Amino acid sequence: MIEVQSLTFRYEVSERDALRDVNLTVPDGAFLGIIGPAGAGKTTLLHCMSGIIPHAFPGDFYGAVRVGGLDTADNRLTDLSRLVGTVFQDVDSQIISSVVEDEILYGLENFGVPHEEIGDRLTAALEQVGISSLRERTIASLSGGQRQKVAIASLVALRPQILVLDEPTGELDPFSSRQIFTLLRTLNREHGMTVVVVEQKIMLLSEFADRLAVLNDGEIVKEGPVRGVLSDIPLLERIGVNCPRAALFSSLLAEKTGTEVPVCVSAEEAVEAARRVMG
Ligand SMILES: Nc1ncnc2c1ncn2[C@@H]1O[C@H](COP(=O)(O)OP(=O)(O)O)[C@@H](O)[C@H]1O
Ligand SMILES: [Mg+2]
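Bear in mind that the values here come from a model prediction, so they are computed numbers and not experimental data. (Residues numbered from 1 in each chain as written. Chains lettered and ligands numbered in written order. Predicted model: local features only at pLDDT ≥ 70, side-chain atom pairs only at ≥ 80, totals over all residues. Heavy atoms only, no water.)

1. Considerations on the site of ligand 1
So, point 1. What surrounds ligand 1 is a group of 13 residues, the closest being Gly 39, Gly 41, Lys 42, Thr 43 and Thr 44.
So, point 2. Interatomic distance of 2.8 Å between a side-chain N/O atom of Thr 43 and an oxygen atom of ligand 1.
So, point 3. For the shell around ligand 1, the element with the highest residue contribution is helix H1 (residues 42-50), accounting for 3 residues.
So, point 4. Its residues assigned to classes, the shell around ligand 1 comprises 7 nonpolar, 4 polar and 2 charged. (Near = heavy atom within 4 Å. Polar contact = N/O pair within 3.5 Å; in protein donor to acceptor, adjacent residues only side chain to side chain. Helix = DSSP H or I, 4+ residues; strand = E, 2+ residues; numbered from the N terminus. Nonpolar A, V, L, I, M, F, W, Y, C, P; charged D, E, K, R; others polar.)

What follows is the structure, encoded as structure tokens:
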């Protein structure tokens, strides 16, 4: 579980708060999506969840963040990283080895995993992420989606309770983007990992996340089950977040026909809603 309590943070060099009085609880097993316009504080909030803030970025930090019961301010980053695995926005800067299996081994050795366990953990992580066939490939020969999976596998090998990802599909085509989310769903549902992901592709995110948190100007302006959040179209438009078309469609359909239409999050649902209204 992640508990963010009255969190306010200002980077040392900055004149304004990057996060202001943020309160958020992410229960174990949740799949939370975070959306919001550029500069809203999404990356900063993820850094606070992983402990990178306050440990690696100087600034004014008020409030508290607890991860698995540990207060991030009172615990070392190395201990926190056993609980929370982070995939940064620039995934290439995170990968240090030149061969896939070395990248995963590096983390396992660094974490002091006993030697006799390392082989099994490596094989299991590759399998869980579905990249066993890439084991001996060079990183340079991989596609963006494959590199994203390597970064995820090297975290999964360390068996964190929580995975935190910053725009993991930012550089990916629609097919690979969907693959990454399908993988996150498997890790969430079958391997019990809590997933927190910042994502611009709201339609895709909405299909996979259980809940959404909307950040704007350092504040959480809405949080709740996906459909509830997407039904507040005026809010999303006001803060400049691209509202998924299916949700826009269902709201227009309701407005124009004067009937009750549930919020749709996929094209299939929108078609179904239209059918019902047209009788
Ligand atoms: N390292 C940093 N130093 C100073 N200010 C920063 C730093 N990183 C982000 N900020 C500022 O904090 C605010 C939130 O940024 P960020 O968390 O990166 O937003 P998002 O990920 O939603 O685009 C912005 O105003 C940004 O300029
Ligand atoms: Mg960001």
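2. A closer look at the layout of surface pockets
So, point 1. Counted as a void, the largest pocket has a volume near 700 Å³.
So, point 2. In terms of lining, the largest pocket is formed by 25 residues, of which the most central are Ser 81, Gln 94, Phe 111, Leu 155 and Leu 158.
So, point 3. When contributions to the lining of the largest pocket are tallied by element, the ones reaching two or more residues are helix H3 (77-80), strand S6 (84-87), helix H4 (100-110) and helix H6 (144-156).
So, point 4. The leading source of residues in the lining of the largest pocket is H4, at 4 residues.
So, point 5. Residue composition of the lining of the largest pocket, by class: 13 nonpolar, 10 polar and 2 charged.
So, point 6. Estimated volume of the second largest pocket: approximately 190 Å³. (1 Å grid on protein atoms, 1.4 Å probe; cavity = no way out; pocket = protein on both sides within 12 Å on 5 of 7 lines; lining within 4 Å. Points joined across faces, edges and corners; volume = space filled by probe spheres on them.)

3. Structural notes on the sheet that holds strand S4 (residues 59-67)
So, point 1. The 4 strands lie next to each other as S2-S1-S4-S5, forming an open sheet whose pairing is antiparallel. Here the strands that pair on one side only, and so sit at the sheet edges, are strand S2 (19-26) and strand S5 (70-71).
So, point 2. Of the strand pairs in this sheet, strand S1 (residues 2-11) and S2 are connected by 5 bridges, and their pairing is antiparallel. Note that in S2 the partner of Val 4 across the bridge is Leu 24.
So, point 3. Of the strands in this sheet, S1, S2 and S4 touch H1, which is tilted by about 55° from S2. (Pairing = 2+ DSSP bridges. Contact = heavy atoms within 4.5 Å. Axes fitted to C-alpha atoms, helices over the stretch in contact; angles between N-to-C directions.)

4. Describing the pairing of S6
So, point 1. The alternating pattern of S6 places Val 84 and Thr 86 on one face and Gly 85 and Val 87 on the opposite face, and all of these are buried.
So, point 2. Looking at chain direction, S6 and strand S7 (residues 162-166) are connected through 4 bridges and run parallel. Bridge pairing links Val 84 to Ile 162 in S7. (Buried < 20%, exposed > 50% of the residue type's maximum accessible area, 1.4 Å probe, protein only.)

5. Here's the deal with the sheet that holds strand S8 (residues 194-198)
So, point 1. Here we have 6 strands laid out as an open sheet, ordered S6-S7-S8-S3-S9-S10, and mixed in their pairing. At either end of the open sheet lies a strand with only one pairing partner, and these are S6 and strand S10 (219-225). Averaged over all adjacent pairs, the angle separating strand axes in this sheet is 15°, with direction ignored.
So, point 2. The pairing of strand S3 (residues 31-35) with strand S9 (residues 211-216) spans 4 bridges and is classified as parallel. Bridged to Ile 35 within S9 is Val 214.
So, point 3. Along the sheet face, H6 touches S6 and S7 and points at about 165° away from the line of S6.

6. Topic: the packing of H6 against helix H7 (residues 174-189)
So, point 1. The N-to-C vectors of H6 and H7 enclose an angle of 15°; their axes lie 10 Å apart at closest approach. The angle between H6 and H7 falls in the class roughly parallel. For the element pair H6 and H7, the recorded crossing hand is right-handed. Side by side, H6 and H7 meet where Gly 145, Gln 148, Lys 149, Ile 152 and Val 156 of the first sit next to Ser 176, Gln 179, Ile 180, Leu 183, Leu 184 and Leu 187 of the second.
So, point 2. For the contact of H6 with H7, the class distribution of residues is 6 nonpolar, 4 polar and 1 charged. (Parallel < 35°, antiparallel > 145°, perpendicular 65-115°, else oblique. Left-handed = near helix turned anticlockwise from the far one by under 90°.)

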